[in-house]
Amino acid sequence: MLNITARLNISHKELVSCVGWTTADELYSCSEDHQILKWNLLTNETSLIVKLPEDIFPIDLHWFPKTVGGKKQTQAEIFVLTSTDGKFHLVSKIGRIEKSVEAHKGAVLAGRWNYDGTALITAGEDGQIKIWSKSGMLRSTLASQGSSVYSVAWGPDSDRILYTSGRQLVIKPLQPSAKVIQWKAHDGVVLKVDWNSVNDLILSGGEDCKYKVWDSFGRLLYSSSSHDYPVTSLSWAPDGEVFAVGSFNTLRLCDKTGWSYALEKPNTGSVFTLAWSADGTQLAGACGNGHVIFAHVVEQHWEWKNFVITLTKRRTMQVRNVMNDAVDVLEFRDRVIKASLAYGHLVVATSLQCYVYKNWNTPLIFDLKEGTVSLILQAEKHFLLVDGAGLYTFSYEGRLISSPKFPGMRADILNAQGVSLSNDTIAIRDKSDEKVILLFDALTGKALGDGKPLTHKLEVVEIALDQCGPSTERKIALIDKNRDLYLTSVRHLGREPKISKIGSMVHSMAWNDAANILCGIQDNQFTVWYYPSTVFTDKELLPKTLYIKDGSEFSRAPHILSYVGTKVTLRQGDGSLVYSSVPPYPALLHEYSTSARWEDALRLCRFAKDQSLWACLAGMAMANRELTTAEMAYAAIGELPRVQYINFIKEQPSKESSLAHMLMFSGQGQEAEATLLQAGLIYQAIQVNVDLFNWERALELAVKHKTHVDTVLAYREKFLQKFGRKETNKRFLQYAEGVEVDWEKIQAKIEMELSKEREKAANASVRSSMAPRR
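Residues numbered from 1 in each chain as written. Predicted model: local features only at pLDDT ≥ 70, side-chain atom pairs only at ≥ 80, totals over all residues. Heavy atoms only, no water.

- Under an unreviewed UniProt entry, the name given to the protein chain is Intraflagellar transport 80 homolog (Chlamydomonas), and the organism recorded is Seriola dumerili.
- Recorded in UniProt for the protein chain, the comment headed Subcellular location (unreviewed entry) runs: "Cell projection, Cilium". (UniProt positions renumbered as here; feature names shortened; annotations may be inferred.)

Below is the structure:
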C-alpha cells in the first residue's frame, strides 16, 4: 500500500520538473517557476533555497552520491541540474551555481552521476550522450543519434549505459570494443528508464502507456497492460524489491516481478519524476500541477508459524496470533525501514535503532550506525544486518558477533539471493566474479578454512545454506545461470570440494527451518529433496528420495518465500500467496537419524509404507555407517546388489577395510585407497584399484611397495583373456617378462595377508577391551 500526502497549501506556481532527496527526510524540488524549494518532512517546513535566473528552466536533478562502496564522500554536497538552454549546472546545497557547462544543442533532458561519483552522464534533445568528469570536463561523446534521448541510467557496476532511442532501448558498454545490445522495447517512444544495482533489472515506460521489466540482456520479464495515459516516470526502490510508476493522475507501486501492489489516483496532473529516499520507505513525485507528492509504503506483511505481522503505519506494527486472535500493537520512535520474522524472533530496523522481539512487551534495542539497513537475514542463533557500510552479525541479545570484510566489498548491492546465513557460516556471492562464493565463519567473520573461496564453473544466481546439524557437515545449495541446482560441503580440509548436481531447471529454492530438507520450483513442478546429502553417499539413490507435486496448481513463475515446518509459502507471478504442505515424516526421520535412534527410524518407515522414506533411511544409515539399518532399508526398496555389498563390508576383517569399502560404496575410490595405505594394508589398497580396473595405479602401488606385482599381472591377464585381447601396455609387458604368474601361490599369499589382517584386528580389539575405563 502507498499512504499518500500532497502538501496542497505549499506548492510551486508552475509545473514541477524534478525532485531529489538529500537525506531520508529532506527533499529538493525544482520547477518551471525557477524556484528550488527544500521540504523537511520531520518539521513539515518548506523553504525557498534559491530563485534561479529567468533563462534557466530545470528538467532533471541528481545529487552527488553520498557513499561510495560504504565510505562517506568528503566532497561538498552538490547536485547536477539540467536545463532547457543546453547547459547543465553544478549547484551547491545552499543554491549557489558553482559551474555552468554548455553541454548540448537544445535541452539537456537527463543528467546522472555514476555510483562512485567519478563521472556524470548527460543526454540531450540533440540525440547525443556525453560523459563528463565530476568537475564538468568533457571526457567523451558516447553516442550520437537522430532522435532525442529522453532518459539514461548507469549499469550496476558503472561500466555500461542504458538509454532510450525512440521506441528502442540501448545498452552501451563504456569499453569501445564491447558489444552493444539494442532492442525494440515499446510501441511508442520510450520516455523513462531505470536500472537497479541490486537485482540488475531494467524498467522502461513509454508513450504506449505501458511499463515493462527487462533483464540486463534485454529479455522481457513483465509487460503491464495499457494505462489510460503515457508512463511519464518510474523509479526502483534502492533495495530492488519494489518500484513506482507515475502517469497522469496516477501512482502505482509494483513488485520487482511486475505485478501491482497498489494503485492511487491523486489529483496531480502528470507525475514527471519519481525519487525514493535512500532507506526505501518514502517516495516523492514531481507533479504537473505544481505540487510535490509524498508517499509512504505501508501494509507490508511478515508471517512465521502462527504469527502475522503487518506494518499499519510508518511507525506502527500490528501482531496477530492466528491461534487465539490475540492482537498486539508495537510502536516505534522512528519509521520502520526493514523487518524480518523467523526462528521465534522479530527483528525491526528503524532509521536509528534495531529492535529485537522475543516477546511482544520487552524488545531489546540497540543503536545503528547507519539508517539504511537494506537486508536482514535470520538464523536460529543470530541474525545478519546489511547496510550501505557493511555486514554485521548480531546475537538475539543485541551483541555484535562479527563483521566480515572482503576486497571490493559493496554492501549496498547485496540481496537475499546472493547472501545466506546459518548458525556457523555466512556465504556471499562475489559480485566482481559471480562464479565465486565467499565463505566466512559467522562467529569470527574470518574466511573459512584456508581462505580459498568456493568456485563454480558457471555464474551463480542464488545460494542457500542448510540450517541444521553440526558445522562440519554444513552444505550449501546453489543455482547457476543454466538453472541447474548443485550441492556441496562448505567446510573441507585441503582437497577441492565435490560439487554435485541434484536438479535442473530450478527457478527458486528454500531450506526447511528445522531439518536439512530442500524444496524448489523445478520446471513446472514443485520438488522436495527429502535428503539431498544422499548424493554424496549413493548418487543413484537420490531420485528415489524426492517428493514431486504437479506445479499446474500454481500460476506463472511462482517464487518460494519460506519453508517452515511442513508449510511452504509461495508467491505467484500475479502477486497472490499460495501454500503447499509437505508430509511431516521426513523431518521426523532426520531427527531420528541425528540422534541415532535407528529403531525408531525403522518403525517410522514401516508405519508410513513410503518408498522415498526407506530410500532416505538407506542414505542416512550409510552416511552414519549404520550398516544393519542400511541393509534393511535397501532391502525394503529392492536394492539387492547393495544389500550384498553391505554384507561383504560387514564381513571385512578390520575396521579399516570396512571403512575403505564404505568409501568405495560412496564412489570415493581415492579416499578408500588412502585409508588402507595409512593402515599399512598394501594388498587391500592394490585390490581396491584392481576392483575398479585402475590397472596402472594397482601396478604402481605393487612396484612401489615391492609386493603383489604378480597378483596385479595375474588379474590383468585374466581380464584381457575374458575379452579376447592382447596386452599392449608397455609397463605391463616390461614387468610380465621377469615375473611368473602362479595362481596357487597368489591365492596362498592373499590368504596369508587376510589372516594377518584378522589377527591384527583381533589383537586391537583385545587391547581396547583391556584398556582401563575412564
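## A short note on the overall build of the protein chain
- What the protein chain contains, in helices and strands, is 13 helices and 57 strands.
- For the protein chain, the spread of C-alpha atoms along the three principal axes comes to 110 × 65 × 50 Å.
- The buried share of the protein chain, reckoned over its 774 residues, is 54%.
- A sequence separation of at least 24 residues applies to 43% of the contacts in the protein chain between residues at least 6 apart.
- For the protein chain, the exposed area adds up to about 34900 Å²; of that, 51% sits on carbon and sulfur atoms. (Helix = DSSP H or I, 4+ residues; strand = E, 2+ residues; numbered from the N terminus. Buried < 20%, exposed > 50% of the residue type's maximum accessible area, 1.4 Å probe, protein only. Contact = heavy atoms within 4.5 Å. Areas by Shrake-Rupley, 256 points an atom, 1.4 Å probe, with all protein chains shown as cover.)

## Considering the UniProt feature "repeat: WD" (unreviewed entry) in the protein chain
- Following the UniProt record, the feature "repeat: WD" (unreviewed entry) maps to residues 101–133 and 183–215 here.
- Helix makes up 0% of residues 101–133 and strand 61%, and the two end C-alpha atoms of the span are 12 Å apart.
- The distance from the first to the last C-alpha atom of residues 183–215 is 12 Å, and the span holds 0% helix and 52% strand.

## Quick word on the sheet that holds strand β26 (residues 250–255)
- With antiparallel pairing, the four strands of this open sheet are ordered in space as β24-β25-β26-β27. Both outer strands of the open sheet, β24 (233–236) and β27 (260–264), are each paired with one neighbouring strand and no more. The sheet shows a mean angle of 15 degrees between the axes of neighbouring strands, direction not considered.
- As judged from the six bridges shared by strand β25 (residues 242–247) and β26, these two strands associate in the antiparallel manner. Bridge pairing in β26 places Val-242 opposite Asp-255. (Pairing = 2+ DSSP bridges. Axes fitted to C-alpha atoms, helices over the stretch in contact; angles between N-to-C directions.)

## Description of the packing of aromatic side chains
- Applying the stated rule across the entire model yields 29 aromatic pairs.
- With a centroid separation of 5.7 Å and an interplanar angle of 75 degrees, the aromatic rings of Tyr-211 and Phe-243 are classed as edge-to-face. Pair noted here: Tyr-211 is in strand β22 (residues 211–214) and Phe-243 is in strand β25, with a separation of 32 residues, a long-range link. Phe-243 shares its class with Tyr-211; the two are buried.
- Arranged with centres 6.2 Å apart and planes meeting at 90 degrees, the rings of Phe-332 and Tyr-357 form a pair that is edge-to-face. With Phe-332 in the loop between β34 (326–331) and β35 (336–342) and Tyr-357 in strand β37 (residues 353–357), the pair connects residues that are 25 residues apart, well separated along the chain. The burial state of Phe-332 is the same as that of Tyr-357; both residues are buried.
- Taken together, Phe-307, Phe-332, Tyr-355, Tyr-357 and Trp-360 form an aromatic cluster joined through their ring pairs.
- One residue, Arg-410, lies across the ring of Tyr-115, its end atom 5.5 Å from the ring centre. (Phe/Tyr/Trp six-rings, centres within 6.5 Å; stacked < 30°, edge-to-face > 60°. Lys NZ or Arg CZ within 6 Å of the ring centre and 35° of its normal.)

## Points about the side chain of Glu-631
- Following the sequence through the fold, Glu-631 ends up in helix α5 (residues 627–636).
- Note on Glu-631: relative accessible area 17%, which makes it buried.
- With near-sequence residues (within four places) excluded, Glu-631 lies in contact with Val-643, Ile-646, Asn-647 and Lys-650.

## A look at the pairing of strand β18 (residues 168–173)
- Where strand β17 (residues 160–165) and β18 come together, six bridges link them in antiparallel fashion. The residue bridging Thr-164 from the neighbouring strand is Leu-169, located in β18.
- Hairpin connection of β17 to β18: two residues between the antiparallel strands, including Gly-166 at a positive phi of 65 degrees.
- Judged from the four bridges that link them, β18 and strand β19 (residues 181–184) form a sheet pairing that is antiparallel.

## Description of the sheet that holds strand β4 (residues 35–40)
- As summarised here, the arrangement of the four strands in space is β2-β3-β4-β5, forming an open sheet in which the pairing is antiparallel. Two strands close off the open sheet at either side, each with one partner strand: β2 (16–23) and β5 (45–51). The sheet shows a mean angle of 25 degrees between the axes of neighbouring strands, taken without regard to direction.
- For β4 and β5, the ladder comprises six bridges, and the chain directions are antiparallel.

## Some thoughts on the domain arrangement of the protein chain
- For the protein chain, the domain assignment lists domain 1 (2–297) and domain 2 (652–765).
- Inter-centroid distance (C-alpha atoms) of domain 1 to domain 2 is 73 Å. (Domains from an automatic or database assignment.)

## A look at the pattern of salt bridges
- For the structure on display, the rule yields 33 salt bridges.
- Here Arg-112 and Asp-60 are joined by a salt bridge, their closest N and O atoms 3.4 Å apart. Of this pair, Arg-112 sits in strand β12 (residues 108–113) while Asp-60 sits in strand β6 (residues 58–63), and the two are 52 residues apart along the sequence.
- In this structure, Glu-434 and Lys-431 form a salt bridge, with 3.2 Å as the shortest nitrogen-oxygen distance.
- In this structure Lys-431 comes out as partly exposed when scored by relative accessible area, which is 24%.
- By sharing partners, the salt bridges in this structure join Asp-538, Glu-540, Lys-544, Glu-639 and Arg-642 into a single network. (Salt bridge = Lys/Arg side-chain N within 4 Å of Asp/Glu carboxyl O.)

## Let's talk about the environment of Asp-450
- Mapped onto the elements of the fold, Asp-450 is located in the loop between β45 (436–441) and β46 (454–455).
- Overall, the relative accessible area of 54% leaves Asp-450 in the exposed class.
- When the C-alpha atoms of Asp-450 and Pro-641 are compared, they prove to be 40 Å apart, with 191 residues separating the residues in sequence.
- Separated by 3.2 Å, the side chain of Asp-450 and the backbone nitrogen of Lys-452 make a polar contact. (Polar contact = N/O pair within 3.5 Å; in protein donor to acceptor, adjacent residues only side chain to side chain.)

## Some thoughts on a nonpolar patch on the surface
- Nonpolar side chains collect at one region of the surface, where Leu-561, Leu-577 and Tyr-579 lie side by side and expose about 260 Å² of accessible area between them.
- Secondary-structure assignment places Leu-577 in strand β57 (residues 577–581).
- For Leu-577, a relative accessible area of 34% gives the class partly exposed. (Patch = residues over 30% accessible without salt bridge, like charges linked within 9 Å, V, L, I, M, F, W, Y side chains within 5 Å.)

## Focus: the environment of Ala-679
- Its location among the elements puts Ala-679 in the loop between α8 (669–678) and α9 (682–691).
- In this structure the C-alpha to C-alpha distance between Ala-679 and Glu-656, which are 23 residues apart in sequence, comes to 6.8 Å.
- If we skip the residues at most four places from it in the chain, Ala-679 touches Glu-656 and Lys-760.

## Side note on the packing of helix α4 (residues 611–623) against α5
- Running from N to C, α4 and α5 cross one another at 150 degrees; their axes reach a closest spacing of 8 Å. By the angle class used here, α4 and α5 are roughly antiparallel. The way α4 lies across α5 gives a crossing that is left-handed. Touching Gln-611, Trp-614, Leu-617, Ala-618, Ala-621 and Met-622 of α4 are Leu-627, Thr-629, Ala-630, Met-632, Ala-633, Tyr-634 and Ala-636, all from α5.
- Considering only residue class, the contact of α4 with α5 consists of 11 nonpolar, two polar and no charged. (Parallel < 35°, antiparallel > 145°, perpendicular 65-115°, else oblique. Left-handed = near helix turned anticlockwise from the far one by under 90°. Nonpolar A, V, L, I, M, F, W, Y, C, P; charged D, E, K, R; others polar.)

## Observations concerning helix α6 (residues 640–650)
- Of all the residues in α6, the buried ones are Arg-642, Val-643, Ile-646 and Ile-649. Along α6, the residues classed as buried sweep out an arc of 115 degrees about the axis, all on the same side. In α6, the exposed residues that point more than 90 degrees away from the buried face are Leu-640, Pro-641 and Gln-644.
- For α6, the secondary structure elements touched by its buried residues are α4, α5 and α7 (655–665). (Arc of directions from axis to C-beta.)

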